[in-house]
Amino acid sequence: MSEQSASTAVVNAIPLSGSVPVEVDLAGNSHDVALWIWEHLVPQVGSADSLQGEIIRAIELLSWEAQTNSNLNWDANFDALIAYLREAFLGQSMLAHYLTVADKEQIAADLDRLSCFILPTELDSRVYVEELPYINDDLYDRLTGYLVQFCRQHPKVIPFR
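For the structure given in this document, a descriptive report is provided here. (Residues numbered from 1 in each chain as written. Predicted model: local features only at pLDDT ≥ 70, side-chain atom pairs only at ≥ 80, totals over all residues. Heavy atoms only, no water.)

## Points about helix α4 (residues 76-90)
Compared with an ideal rise of 1.5 Å per residue, which puts 15 residues at 21 Å, α4 spans 20 Å between its outermost C-alpha atoms and is within 8% of the ideal. Every buried residue of α4 is listed here: Phe78, Leu81, Ile82, Tyr84, Leu85, Ala88 and Phe89. Buried residues in α4, looked at end-on, bunch into an arc of 160°, giving them a common side. Of the surrounding elements, those touching the buried residues of α4 are α3 (51-69), α5 (94-98), α6 (101-115) and α7 (137-153). Where α4 starts, the residue carrying a side-chain oxygen 2.9 Å from the main-chain nitrogen of asparagine 77 turns out to be aspartate 75. (Helix = DSSP H or I, 4+ residues; strand = E, 2+ residues; numbered from the N terminus. Expected span 1.5 Å × (residues − 1). Buried < 20%, exposed > 50% of the residue type's maximum accessible area, 1.4 Å probe, protein only. Arc of directions from axis to C-beta. Contact = heavy atoms within 4.5 Å. Polar contact = N/O pair within 3.5 Å; in protein donor to acceptor, adjacent residues only side chain to side chain.)

Listed below in structure tokens is the structure:
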């Protein structure tokens, strides 16, 4: 990357007086990019103003609920997050057009797994581990990885709303 385009990338990543950055900062590994999206595109309260921010916010909310609360607080809002991720990854969004058929099949399976569970309060002797809320990081990391992969191909921040 030339020195001028590196400078342009840095300037484009800096928000203008509280506005959303123009481009996702792609410096570092996938974890670094995901953290940048979280820190710069996800507000402290409420929905994000960008597609990238809203996707990572939804993934993190689902992860937090499962890993911290065993989905005991699951309600229609969490169902809406799953529906949003289905549309973002599998529908007609710009992100969905960058994914392969195999990626979409994996994402569909991952979202099915996140939304299909038995609450720990309803446990009985018939329950298997695969029926409990999904608490391992790998599935959430994989979904985040698809987002980062998209950002590497399309770094411009996409308005949401």
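Having seen the structure, we can now continue with the description.
## Considerations on the side chain of serine 93
By secondary structure assignment, the location of serine 93 is in the loop between α4 and α5. Judged by its relative accessible area of 14%, serine 93 is buried. Contacts of serine 93, omitting those with residues within four sequence positions, involve Glu87 and Ala88.

## Here's the deal with the pattern of salt bridges
Two side chains with opposite charge may pair up if their charged atoms get near one another. By the definition in use, this model includes four salt bridges. A salt bridge links glutamate 54 to arginine 57, with the shortest nitrogen-to-oxygen separation between them at 2.9 Å. Within this pair, glutamate 54 and its partner arginine 57 are both found in helix α3, separated by three residues, close to a single helical turn. Here glutamate 54 matches arginine 57 in class, with each residue buried. Across the pair arginine 86 and aspartate 112 runs a salt bridge, and its minimum N-O distance is 2.6 Å. With arginine 86 in helix α4 and aspartate 112 in helix α6, this residue pair connects regions lying 26 residues apart in the sequence. (Salt bridge = Lys/Arg side-chain N within 4 Å of Asp/Glu carboxyl O.)

## Quick notes on a negative patch on the surface
A cluster of acidic residues, Glu60, Asp137, Asp138 and Asp141, forms a negative patch at the surface. Broken down by element, the negative patch gets its largest block of residues, three residues, from α7. As for its position among the elements, aspartate 141 is in helix α7. (Patch = residues over 30% accessible without salt bridge, like charges linked within 9 Å, V, L, I, M, F, W, Y side chains within 5 Å. Areas by Shrake-Rupley, 256 points an atom, 1.4 Å probe, with all protein chains shown as cover. Lys, Arg positive; Asp, Glu negative; His and termini not counted. Charge placed at Lys NZ, Arg CZ, Asp CG, Glu CD.)

## Comments concerning the packing of aromatic side chains
Per the counting criterion, the structure on display carries five aromatic pairs. With a centroid separation of 5.0 Å and 70° between ring planes, the pair formed by tryptophan 74 and phenylalanine 117 is classed as edge-to-face. Pair noted here: tryptophan 74 is in the loop between α3 and α4 and phenylalanine 117 is in the loop between α6 and α7, with a separation of 43 residues, a long-range link. Consider the rings of tyrosine 84 and phenylalanine 160, whose centres lie 5.3 Å apart with planes at 70°: the pair is edge-to-face. Of this pair, tyrosine 84 sits in helix α4 while phenylalanine 160 is found in the segment after α7, placing the two residues 76 residues apart along the sequence. The class of phenylalanine 160 is partly exposed, set by a relative accessible area of 26%. Through pairs of rings, three or more aromatic residues link up here, namely Trp74, Phe78 and Phe117. (Phe/Tyr/Trp six-rings, centres within 6.5 Å; stacked < 30°, edge-to-face > 60°.)

Keep in mind that these numbers describe shape and distance, not what the molecule does.
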